[in-house]
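Structural features, examined
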Amino acid sequence: MLILLFLVVQVADNLLAVEAKSIGADDGKSNFSIFPRFSELFAPKTPDFVGESSVTYLKQGHDILLEGAPESTEVQEGTATTFAVQPPNFIGLAPIPKVLVEVGDEVKAGDPIFFDKKVTEVKFVAPVSGEVIAINRGEKRSIAEVVILADKEQKYKALAAFDLDKGSREELVAYLMENGAWSLFQQRPFNVIPAPGDVPRDIFISTFDSAPLAPDANIVVAGKEAAFQKGLDVLNQLTTGEVFLGLNAKGEGAPSTAFTEAEGVEKNWFHGKHPAGNVGIQIHHTKPIGGQDKVWTLGVQEVITLGTMFLEGKYDASRVIVVSGAEISEPKYVRTALGAKVGDLVKDQTVADNVRYISGDVLSGEQKTADQFLNFHDDQLTVIAEGDYYELFGWLLPLSPRPSVSGTFPNFLFPDARFKADSNTHGERRAFVVTGQYEKVLPMDLYPQHLMKAILVNDFERMEGLGIYELAEEDLALCEFVCTSKQPLQQILREGLDTMREQS
Amino acid sequence: MKKALLNFFQRIEPDKKKSPFLHTLFDGFFTFAFSPNTTTAKGVHIRDGMDLKRTMVHVVLAMQLCYLFGTYNIGHQHYLALGQYTGLLEGLHLKIAHGLIKILPIFIVTHVVGLGIEFYYATRKGHPIEEGFLVSGALIPLIMPPDIPLWILTVSIVFAVIIGKEAFGGTGMNIWNIALLARVFVFFAYPTYISGDEVWVSALEKTAVDGIPTYMSAQYGWAHGFFDWIFSGVGWSTFGDGGVLVADGFTGATPLSLAASGGWESVTSVYTESQMWWGTIPGSIGETSKPLIILGAIFLIATGVASWRIMVSMVIGAAVMGMILNGIAPSEFTETTPGIFKFMAIPWYYQLSMGSFLFAMAFMATDPVTASSTNTGKWVYGFLIGFVGLIIRVMNPAYPEGWMLAILFMNTFSALIDHYVLEANMSRRAKRTQVAVS
């Protein structure tokens, strides 16, 4: 009798769902069944500041808690005096661009420094005003960095005003390319600078960074709300689709009003551990990219730079960055500009011996010496210890605590413990053996290990089918961290992306 | 201490060009003692503390209780057959000594042969020694009968490691489970040493009393003599000379062979349920004690080293098949039917606790290299092992156990399962991006 009743209810319930689908009301998000979904029963409580909006809960992921986060949220004036523009920061550029300045030249912020010989319209400009003191070359005479010693008093190149309401898209694009704003965009797939003719399907902006020791975007945007909104307005003119903003529903408080009250954009809330803040993950859960699609992504500070161009008529590449890591005396937020010199940033700090400077976070950043410069898209300097030591039976009985997702370490007993990580590999490279561990930390419907194997054997169809277009290095960085076989996933992915880019 | 050891190692490091084999060997031992000082270069700057050595050693740790009990049980079964020291703790020193005499040679030969081949290939291919054989080498002794001749063991390991692993490219590349490959080699090449009723209890030999064939304990060798010398020194009981006839009613049959011939009744006429549960029954060395295997499985799941998906789905698969068999041949109708129908009628939950099901589930099916590598695939893979394995156990007239064959069979198909899971993922992605465009 009970079973019969249950059957009747079940059939009625299914009919309800079928009806919802046929009239197009079922968009996959609303629940048309009379039974609550499992995910609804067990989902964490939605924070109050989210309001009525729906939240995407990402179960997979892992937050690596490291020592060396800034204690104060106050932004101090930076000590950097030397800055650089680095052509290798831009993927897909020819190694020897046409440099427009010479050593000894005076430049203003916003003056063109170089352009790619293949794409002459897109200008790369000076982040600060000052004197060009060096043009350093790398391998095979490629241009590695154009170094500028900044003036005490910053001078900006005066930009012609541009009326967003009147100008056409072509004029806007030409204006952006001429004045250096085009290089702020990154186009997926491949994370490259868009070609002049490219029209993005959508534009995605993540307003939080979940990487270890990453800066808090709410601090970054404080005082720049108007510029941020202006930047969003400009972006709206550039895409035929929409501008998506990813917001953090896991934070302790509500995100800045610059984000929650932004106009003309589609807002999506995400709740999850790292890499929930990665824009690639957010795209996957909003509107995934196929091989034909092109979407653009920007960081919060790039949007601000873009907005300032239209508000104040100048190229303002000032950045709030976080100087972090357990090896420096005082981790803090500082106000400086794009491409600041690493050594300058830690001038006022005591730095331990034998350290590694990283432009960006510990997962996807790049190793730098004190004489080198932060990369174009990085707003973080991390200083960690080098791990070039031998450890007696380190694989069996590790004596010092270390970050790990593995249950073989007692880390799960101390969920809030912060670790002092170093660059030791904790083991040697091996073939892929353990399975399923990447999926645990990657909140995407994707099989990273199989994708890696497809890349290694150059199987184009598989690479495309398994979603290589959806990924950039930072998205796989956490997978690389957890990899038991110590495989270089980010490097393999980039090789695969390069192959696919040559093919297309 | 650490520094002195490090200096010592660095002083004795052989030249890589002059003696590559020695250098590979040195490297193997050195990285065993010390985590290397390599640092990250490109990509991530910090790495998880977990590496392959640590993964492997946790599997080996999970088996340690099986080793301890297996050693004891070899001796226990021997004396049980003779009708001496039948209490669990009686003659404990003799049982353990006898167990050690049996298991140590097997363990040593396994590792010398297996690691030797591993070292040789590592040198030849110029890569560091990989940890794969740590687990295979620990598993192989546990799944062999205690009396396995060492030359057969050697041949089977040579086959498994060379044909099964190195031919495919080494650790992480093999298609079939190495330990099971070694066992299946013995199974097909030397069936009399690994099947039937006489191989599961150690140190017995055939004899006849009044023309009726029976067994007696074999002559003890020098190792037993050595232990006798010690035991008599401290005034304990000794092994003696052997030649003792077995107790009345001894069969040597395992519960499964009894089940195959006479169903549950004939199993319970020889063994009690608690004996089968605690593992004081004849069988392969490490697979008899269920609680200890379950403890190992819990350890593996808790540390996340082995896949719980495979274990759970394998239990489900075997349970489903067991229920189907029960349904085909309910015990009410098969009381008078001999043979296979009685085997089919054994309640499915007893099927799970008999034989090596749990051992296969915890340690064999979960090998990540040979199992399906996608999470969905693991559910299918585990389910089918349980499903197929029970069919083989019950339906195979020659040998009443199926997990070894079922796992090797599904190893073969694991890539196919993955293929379909990936195809589904690809078509899902194609569909999703189409929707996004329109």
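Residues numbered from 1 in each chain as written. Chains lettered and ligands numbered in written order. Predicted model: local features only at pLDDT ≥ 70, side-chain atom pairs only at ≥ 80, totals over all residues.

**Considerations on the overall build of chain A**
From N to C terminus, chain A includes 14 helices and 20 strands. Here the C-alpha radius of gyration of chain A, 24 Å, is about what a compact globule of 504 residues would show, namely 23 Å. Principal-axis analysis of the C-alpha atoms places the extent of chain A at approximately 90 × 70 × 45 Å. Burial analysis of chain A (504 residues in total) assigns 50% to the buried set. Counted over contacts in chain A with a minimum sequence separation of 6, partners at least 24 positions apart contribute 70%. (Helix = DSSP H or I, 4+ residues; strand = E, 2+ residues; numbered from the N terminus. Rg over C-alpha atoms; globule rule 2.2 N^0.38 Å. Buried ≥ 20, exposed ≤ 12 C-beta atoms within 10 Å, placed from the backbone. Contact = placed C-beta atoms within 7 Å.)

**A look at the overall build of chain B**
A tally of helices and strands in chain B yields 18 helices and three strands. Looking at chain B residue by residue over its 438 residues, the buried ones come to 48%. Restricting the contact set of chain B to residue pairs at least 6 apart, pairs at least 24 apart contribute 72%.

**As for the environment of V221 of chain A**
Residue and element names in this part refer to chain A. With respect to the helices, strands and loops of the structure, V221 is situated in helix α4 (residues 217-221). Judged by local crowding, V221 falls into the buried class, with 22 C-beta atoms found within 10 Å. Once the C-alpha coordinates of V221 and S256 are considered, the two residues, 35 residues apart in sequence, prove to be 7.7 Å apart. The contact partners of V221, leaving out residues within four places of it in the chain, are F228, S256, A258 and V300.

**Brief notes about the nonpolar core**
Within the largest apolar cluster, 232 residues are counted, with the highest numbers of intra-cluster contacts made by F83 and I148 of chain A together with I407 of chain B. Per-element tally for this core: the top contributor is helix α17 (residues 375-395) of chain B, with ten residues. The contact partners of I148 of chain A, leaving out residues within four places of it in the chain, are F83, A84, V107, A126, V128, G130, E131, V132 and I133 of chain A. In this structure, A97, I101, F227 and F239 of chain B belong to the second largest nonpolar core, which totals five residues. (Core = buried A, V, L, I, M, F, W, Y, C linked by C-beta atoms within 7 Å.)

**Topic: the environment of W269 of chain A**
Residues and elements named next belong to chain A. Along the chain, W269 turns up in strand β13 (residues 266-272). Given 22 C-beta atoms within a 10 Å radius, W269 is considered buried. Sequence separation between W269 and A249 is 20 residues; the distance between their C-alpha atoms is 5.8 Å. Once residues lying within four places of it in the same chain are set aside, the contact partners of W269 are V50, S53, V55, T56, L247 and A249.

**Considerations on the sheet that holds strand β2 (residues 75-77) of chain A**
All names here are of chain A. Within the open sheet, the six strands sit side by side as β2-β16-β15-β19-β17-β18. Their pairing is mixed. Only two strands of the sheet have a single partner each, and these edge strands are β2 and β18 (366-368). Averaged over all pairs of adjacent strands, the angle between their axes in this sheet comes to 35°, without regard to strand direction. Sheet topology places strand β17 (residues 355-359) next to strand β19 (residues 380-385); five bridges connect them, and they run antiparallel. Of the residues in β19, the one forming a bridge with V355 is A385. (Pairing = 2+ DSSP bridges. Axes fitted to C-alpha atoms, helices over the stretch in contact; angles between N-to-C directions.)

**Describing the packing of helix α4 (residues 64-82) of chain B against helix α12 (residues 290-303) of chain B**
All names here are of chain B. It is at 8 Å that the axes of α4 and α12 come closest, and there the two elements cross at 165°. Our classification of the angle between α4 and α12 gives roughly antiparallel. Crossing angle aside, the handedness with which α4 passes α12 is left-handed. Here L65, C66 and F69 of α4 lie close against α12, whose contacting residues are L292, I293, L295 and G296. Looking at the contact of α4 with α12 residue by residue, the classes come out as six nonpolar, one polar and no charged. (Parallel < 35°, antiparallel > 145°, perpendicular 65-115°, else oblique. Left-handed = near helix turned anticlockwise from the far one by under 90°. Nonpolar A, V, L, I, M, F, W, Y, C, P; charged D, E, K, R; others polar.)

**Section: the interface of chain B and chain A**
Opposite the 52 residues of chain B that make contact, chain A presents 65 residues. With nine residues, helix α18 (residues 403-437) of chain B is the single largest residue contributor to the side of chain B that touches chain A. Classifying every residue of the side of chain B that touches chain A by side-chain character gives 19 nonpolar, 22 polar and eleven charged. Direction of pairing for strand β20 (residues 391-392) of chain A relative to strand β1 (residues 34-35) of chain B: antiparallel, over a ladder of two bridges. By the bridge assignment for β1 of chain B, L392 of chain A is matched with F34 of chain B.

**Side note on the domain arrangement of chain A**
Interfaces are often sized by the amount of accessible area the parts lose when they come together. What the domain assignment reports for chain A is domain 1 (80-156), domain 2 (169-312) and domain 3 (425-504). Computed over C-alpha atoms only, the centres of domain 1 of chain A and domain 3 of chain A are separated by 33 Å. (Domains from an automatic or database assignment.)

**A short note on the packing of helix α7 (residues 150-165) of chain B against helix α8 (residues 178-189) of chain B**
Each pair of packed helices can be described by the angle between their axes along with the distance between the axes. All names here are of chain B. Two elements in contact, α7 and α8, have axes whose closest approach is 8 Å; the angle formed by their N-to-C orientations is 130°. Taken together, the axis directions place α7 and α8 in an arrangement best described as oblique. Like other packed secondary-structure pairs, α7 and α8 cross with a definite hand, here right-handed. The residues of α8 that touch α7, namely those facing I152, S156, I157, F159, A160, V161, G164 and K165, are I178, L181, A182, F185 and V186. Grouping the amino acids of the contact of α7 with α8 by side-chain chemistry returns ten nonpolar, two polar and one charged.

**Quick notes on the domain arrangement of chain B**
All names here are of chain B. Domain assignment breaks chain B into domain 1 (10-30 + 52-193) and domain 2 (272-429). Counting residues at the interface gives 31 residues for domain 1 and 27 residues for domain 2. The set of elements that each furnish at least two residues to the side of domain 1 that touches domain 2 consists of α3 (52-62), α4, α6 (132-142) and α8. Ranked by residue count, the leading element in the side of domain 1 that touches domain 2 is α4, at nine residues. Tallied by class, the residues present in the side of domain 1 that touches domain 2 amount to 21 nonpolar, nine polar and one charged.

**Re the sheet that holds strand β4 (residues 98-99) of chain A**
All names here are of chain A. The three strands are arranged β4-β6-β7 in an open sheet whose pairing can be described as antiparallel. Of all strands in the sheet, those bounded by a partner on one side alone are β4 and β7 (123-125). In this sheet, strand β6 (residues 112-115) lies alongside β4 in antiparallel orientation, the contact comprising two bridges. The partner of V99 across the bridge, within β6, is F114.

**Details of helix α5 (residues 225-238) of chain A**
Residue and element names in this part refer to chain A. End to end, α5 covers 20 Å across 14 residues, agreeing with the expected 20 Å (1.5 Å per residue, within 8%). Turning to α5, its buried residues number three or more, namely A227, F228, K230, G231, L232, V234 and L235. On its buried face, α5 is in contact with β11 (202-206), α4, β12 (243-248), α6 (257-260) and α8 (300-312). (Expected span 1.5 Å × (residues − 1).)

**Some thoughts on the environment of K486 of chain A**
One can find K486 of chain A in the loop between α13 (473-482) and α14 (489-503). On a C-alpha basis, the gap between K486 of chain A and F409 of chain A in space is 18 Å, while along the polypeptide they are 77 residues apart.

**Topic: α7 of chain B**
All names here are of chain B. Taking 1.5 Å of rise per residue, 16 residues should cover 22 Å, and α7 covers 21 Å from first to last C-alpha, within 8% of that figure. Within α7 the residues assigned to the buried category are L153, S156, I157, A160, V161, G164 and K165. Buried residues of α7, viewed axially, fall in a sector of 120°; they line one side. Each element contacted by the buried residues of α7 is listed here: α5 (92-125), α6 and α8. (Arc of directions from axis to C-beta.)

**A short note on the confidence of the model for chain B**
Residue and element names in this part refer to chain B. Taken as a whole, chain B shows an average pLDDT of 89; of its residues, 99% reach a score of 70 or greater. Taken element by element, chain B is modelled with least confidence in helix α1 (residues 2-12), mean pLDDT 82, and with most confidence in α7, mean pLDDT 95. As scored by the predictor, the complex reaches a pTM of 0.90 and an ipTM of 0.90. (pLDDT = per-residue confidence, 0-100.)

**Overview of unusual backbone geometry**
Residue and element names in this part refer to chain A. Between R188 and P189 the backbone carries a cis peptide bond, its omega angle lying at -5°. With respect to the helices, strands and loops of the structure, P189 is situated in the loop between β10 (186-188) and β11. Residue P275 is reached from H274 by a cis peptide bond, and omega for that bond is 10°. Looking at where P275 falls in the secondary structure, it is placed in the loop between β13 and α7 (279-286). You will see that K140, though not glycine, has its phi angle at about 50°, which is positive. In this structure, K140 sits in the loop between β8 (130-137) and β9 (143-150). Looking at K140, the number of C-beta atoms within 10 Å reads 7, which means it is exposed. The backbone of N191 sits at a positive phi, close to 60°, despite the residue not being glycine. On the basis of neighbour count, N191 is assigned to the partly exposed category, with 19 C-beta atoms found within 10 Å.

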